[in-house]
Structure formats: structure tokens, C-alpha cells
Amino acid sequence: MLNLVLFGPPGAGKGTQSEHLINKYNLTHISTGDLFRKHLGEGTQLGKNAQKYMDEGNLVPDEIVIGMVEDKLQNTPGTQGFIFDGFPRTIAQAEALDKLMSQHNTQINTMLALQVPEEELLKRLLNRGKTSGRADDQNEAKIKNRISVYNKETTPVANYYKNQGKLNTVKGVGSIEDIFERLSAIVDKHV
Ligand code: AMP
């Protein structure tokens, strides 16, 4: 199996690059943001529990996120691998993911960390807000909060993977194709 973590701040291009990586390497996409939005749309209890955090751009509590990922892993048998997008966002989530991977007799092969300057992120997210219909992309204060939550709570996760020798930083600015080539060059070392 090939299991990747695609890491980076909101607006770094994780969703876009995930689509390309999934096609090239035949992986199953696990985006916790997408999963939460699906639950919200379906009005499930999990969606209701997550909504107040998402509305403010804060992190949903670890146990909710981890339980949801565990479910998704259990319900995706026989895949060639996973790409985790927007997860893990805390050290507790990263530890839980390692545990889940080993329960499934596999492991995270490598982590790809997209790096994009903050003013570019703000520009991209405000732009995305015009068409995505995402409430959390429409308000500058909420976007700034998400970036600040990322800086405070999520950046330590990069170190967690660095300590395992799995961190690869990738410049997330340029054309979609160029960024995809940079990512593929790293992934190719693991297939
Ligand atoms: P995203 O689509 O990844 O930007 O996620 C949208 C929102 O969902 C975030 O602002 C959080 O409120 C919540 N969320 C998504 N993934 C996670 C996660 N791994 N941990 C905590 N909250 C998350």
C-alpha cells in the first residue's frame, strides 16, 4: 500500500493536488473537511457536533475527527492506498493515525507539506469563497482565524513527521502542473 499525508495550510491546494495524486497512483481520498461537509449536508449528528467549530474556523475535537477517520478506513477495504488531506491536524491525530495504520498492517509512507505565503493563501481563499459556497471561505476574519489555528495548532505536526524522516516540503506556488510534478517526484520514490 501507498499511504500519503498531504499537509499544508488552508488554501495551499491540497484538494486540487489530491485529485491529481489519486488519479496517478490509484489512491483513496480521505479529506476530513470533505467528510465533515458531507455529514453537515446530510444533517447527521456528527455533522451537528462539528458545525459550530467549522463555522468559526476552529478545529473539531480530536476524538470526533479520529472516530470519523477510523470509520472511513474500516469501510474502504481493498484499496491500493490512502491520501490523507487535511488530516492529521494535531499531534494527537498524527499518533492516532499511526496506530490506525498499524492496526491495518500498514503505515504512512511519506508526508508532503505544501508551502504557500500567507498573503497568497488569503487571496486564494477569498477567491474560492466566491464560487465554493463554503461559509468559512467568505469572511476575511474567519479565514485569518483558520490560518492562525493552522500556525498554532497544526504546524507541530510537520515536526512529528520530520522526526520520523518523512517530511518533504514542497513549494506550493506556481502552476498546478508544476506543483504536481514536484509532488510526484517525491511520491515516485515510494512506489
Ligand atoms: P478543510 O476543508 O480541511 O479546510 O476543513 C474545514 C473545517 O473542518 C476546518 O476549519 C475544521 O473546522 C474542520 N476540520 C477538517 N479537518 C479537521 C481535522 N483534521 N481536525 C479538526 N478539524 C478539522
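Structure's up top.
What counts and how
- Residues numbered from 1 in each chain as written.
- Predicted model: local features only at pLDDT ≥ 70, side-chain atom pairs only at ≥ 80, totals over all residues.
- Heavy atoms only, no water.
- Helix = DSSP H or I, 4+ residues; strand = E, 2+ residues; numbered from the N terminus.
- Rg over C-alpha atoms; globule rule 2.2 N^0.38 Å.
- Buried < 20%, exposed > 50% of the residue type's maximum accessible area, 1.4 Å probe, protein only.
- Areas by Shrake-Rupley, 256 points an atom, 1.4 Å probe, with all protein chains shown as cover.
- Lys, Arg positive; Asp, Glu negative; His and termini not counted.
- Charge placed at Lys NZ, Arg CZ, Asp CG, Glu CD.
- Polar contact = N/O pair within 3.5 Å; in protein donor to acceptor, adjacent residues only side chain to side chain.
- Contact = heavy atoms within 4.5 Å.
- Near = heavy atom within 4 Å.
- 1 Å grid on protein atoms, 1.4 Å probe; cavity = no way out; pocket = protein on both sides within 12 Å on 5 of 7 lines; lining within 4 Å.
- Sits in = over half its atoms within 2 Å of the grid points.
- Nonpolar A, V, L, I, M, F, W, Y, C, P; charged D, E, K, R; others polar.

Bringing the overall build of the chain into the picture now. Scanning the chain for helices and strands turns up 9 helices and 5 strands. When the elements of the chain are put in sequence order from the N terminus, they spell out β-α-β-α-α-α-β-α-β-α-α-α-β-α. For the chain, whose C-alpha radius of gyration is 16 Å, the value lies close to the compact-globule estimate of 16 Å for 191 residues. Within the chain, buried positions represent 47% of all 191 residues. Accessible surface for the chain amounts to roughly 9,700 Å². Of this, 47% is attributable to carbon and sulfur atoms. Computed over 23 positive and 23 negative side-chain charges, the inter-centroid distance for the chain is 2 Å.

A word on the side chain of Asn109. Looking at where Asn109 falls in the secondary structure, it is placed in the loop between helix 5 (91–103) and strand 4 (110–115). Looking at Asn109, its side chain comes within polar contact range of the main-chain nitrogen of Asn3, at 2.7 Å. Dropping the residues within four chain positions of it, Asn109 is found in contact with Met1, Leu2, Asn3, Lys166 and His190.

Now for the site of the ligand. With respect to spatial proximity, 16 residues lie near the ligand, and among them Thr32, Arg37, Asn58, Gly86 and Arg89 are the closest. Note that an oxygen atom of the ligand is positioned 3.0 Å from one of the side-chain N or O atoms of Arg89. A distance of 3.2 Å separates an oxygen atom of the ligand from a polar atom in the side chain of Arg134. Surface burial for the ligand is 96%, taken as the share of its 480 Å² of free accessible area covered by protein chains. A molecule is said to occupy a pocket when more than half its atoms come within 2 Å of that pocket's grid points, and by this definition the ligand occupies the largest pocket. When grouped by side-chain class, the residues that make up the shell around the ligand number 6 nonpolar, 5 polar and 5 charged.

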